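Coordinate analysis (summary)
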Amino acid sequence: MGTVVISLDAELAWGFVDFPVLPDRRLARAREMWMELLDLFEKYEVPATWAVVGHLFLEDCDGRHPDHPLDATWFDRERSSEHEDMWCAPGLIDAVADATADHEIACHSFSHINFQSSGATKAVAAAELRRCRRLADRYGVELSSFVFPRNRIAHRDVLARSGFHCYRGQQPQRWHTDNRLTPLVRAVSGSPLGITPPIVHPRVDDHGLVEIPASLLLFCFEGWARQITETLWADPVVKMVQRGVDQVNGSDGIFHLWLHPNNLINEAGIKRMESVLSYIDQMRGPGLAVRTMETVAQRTAGSTPQQNW
Ligand SMILES: [Zn+2]
Ligand SMILES: [Zn+2]
């Protein structure tokens, strides 16, 4: 049976904590769009993996983290008065936990430090994960899956020692370079020969963690290109998703979509998500299931090589 996985990097402003300027456009409706997205998942009864930045579990914070081994300047942005409601959000996590769709609450680090950066020592990585686990425990959630900030994979040994079972891997390289056309050109061509995102397979890595590679970022080319393509053609990303779903249906692979809730900034984003979820819902059946990362990891770890997980 084929599987669709949807993972979300749920971070509000933390995804931009090291940017020189916060992107007002992405953040202006971030809370509202988180809830819109959740409503869409409810409407189609599609469960997702919400990889939440651990700091969002906090009710409030003065922006000081003296016992965190990370350089204190990392939290300068949090202490500034910009977008004050974007650093703590237990109410939004409550909404995910209370939803009827059986979502997984996963981890996206405590403060969105790039694990490959020079400041992210093993001690920092361990402290980030420890804080998340403590906050989630208090909240009654057992963290199992991890999404690395910026998808920069490092310190997997620390992740395994911290009790995690799986993480999102990189999208396979060069999946779109099988001919000389650019992905955008092929995506908008509308032709059945247009690109199909990769179907992936989980694997157990050398630390015993299950790696579930990504297939497609749902907001992969935005801005002018998207405006132009939407004027002339149907949303090319929806077409790519349809091809991916058709391909995984009845196979033994995974089609792993991902996005940030704050990628939704307007009605076009909501429309795209509605089209994606309604197509997945329509195609669900004996050959296709929707699963969380945690469920995929459990099935992978519990299967023998002969079994179709
Ligand atoms: Zn703080
Ligand atoms: Zn992120």
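The model shown is predicted, which means the values in this text are computed figures rather than measured ones. (Residues numbered from 1 in each chain as written. Chains lettered and ligands numbered in written order. Predicted model: local features only at pLDDT ≥ 70, side-chain atom pairs only at ≥ 80, totals over all residues.)

1. Side note on unusual backbone geometry
For the record, the criterion: Under the DSSP-based scheme used, a helix requires at least four consecutive residues in state H or I and a strand at least two consecutive residues in state E, with every element numbered from the N terminus. Any residue surrounded by 20 or more other C-beta atoms within 10 Å of its C-beta is treated as buried, while 12 or fewer makes it exposed and the intermediate range makes it partly exposed; C-beta atoms here are placed from the backbone.
In this model, Leu12 sits at a positive phi of 45 degrees, which is unusual for a non-glycine residue. Despite not being glycine, His112 shows a phi value in the positive range, around 60 degrees. Within the fold, His112 resides in the loop between strand S3 (104-107) and helix H5 (122-139). According to the C-beta neighbour criterion, His112 is buried, with 21 such atoms within 10 Å.

2. Considering the packing of helix H2 (residues 30-43) against helix H10 (residues 267-283)
When two helices pack together, their arrangement is captured by the angle between the axes and the distance separating the axes. The following threshold applies: Structural elements are reduced to axes, namely lines fitted to C-alpha atoms, with helices fitted over the stretch in contact, and the angle between N-to-C directions of any two is expressed from 0 to 180 degrees. Each angle receives one of four descriptions, namely roughly parallel if under 35 degrees, roughly antiparallel if over 145, roughly perpendicular if within 65 to 115, and oblique otherwise. Note on convention: the crossing is left-handed when the near helix lies turned anticlockwise from the far helix by less than a right angle, right-handed when the turn is clockwise. Think of it this way: build a C-beta for each residue from its backbone, and any pair within 7 Å is a contact. Lys, Arg, Asp and Glu make up the charged group, whereas Ala, Val, Leu, Ile, Met, Phe, Trp, Tyr, Cys and Pro make up the nonpolar group; the residues left over, Gly among them, are polar.
Relative to each other, H2 and H10 sit at 20 degrees, their axes nearing to 10 Å. Classified by the interaxial angle, the pair formed by H2 and H10 is roughly parallel. Both H2 and H10 take part in a crossing whose hand is right-handed. Note on element contacts: H10 touches H2 through Ile270, Met273, Glu274 and Leu277, opposite Glu36, Leu37, Leu40 and Phe41. Looking at the contact of H2 with H10, its residues break down into 6 nonpolar, no polar and 2 charged.

3. Description of the environment of Ile280
Along the polypeptide, Ile280 turns up in helix H10. On the basis of neighbour counts, which here come to 21 C-beta atoms within 10 Å, the residue Ile280 falls in the buried class. As a C-alpha pair, Ile280 and Val245 span 35 residues in sequence and 7.0 Å in three-dimensional space. Dropping the residues within four chain positions of it, Ile280 is found in contact with Val4, Val46, Val245 and Val290.

4. Concerning the pairing of strand S9 (residues 254-259)
What counts is decided by this rule: Two strands pair under a simple rule: DSSP has to find at least two bridges between them.
Burial within S9 is extensive, with 6 of its 6 residues counted as buried. On S9, burial covers both faces: Ile254, His256 and Trp258 on one face and Phe255, Leu257 and Leu259 on the other are all buried. Where strand S1 (residues 2-10) and S9 come together, 6 bridges link them in parallel fashion. Each bridged residue has a counterpart across the sheet, and for Ile6 the counterpart in S9 is Leu257.

5. Section: the packing of helix H9 (residues 236-248) against H10
Relative to each other, H9 and H10 sit at 15 degrees, their axes nearing to 10 Å. Considering their axes alone, H9 and H10 lie roughly parallel with respect to each other. Where H9 crosses over H10, the two elements pack in a sense that is right-handed. Facing Val237, Val238, Val241, Gln242 and Val245 of H9, the residues of H10 in contact are Arg272, Ser275, Val276, Tyr279, Ile280 and Met283. Here the residues of the contact of H9 with H10 sort into 8 nonpolar, 2 polar and 1 charged.

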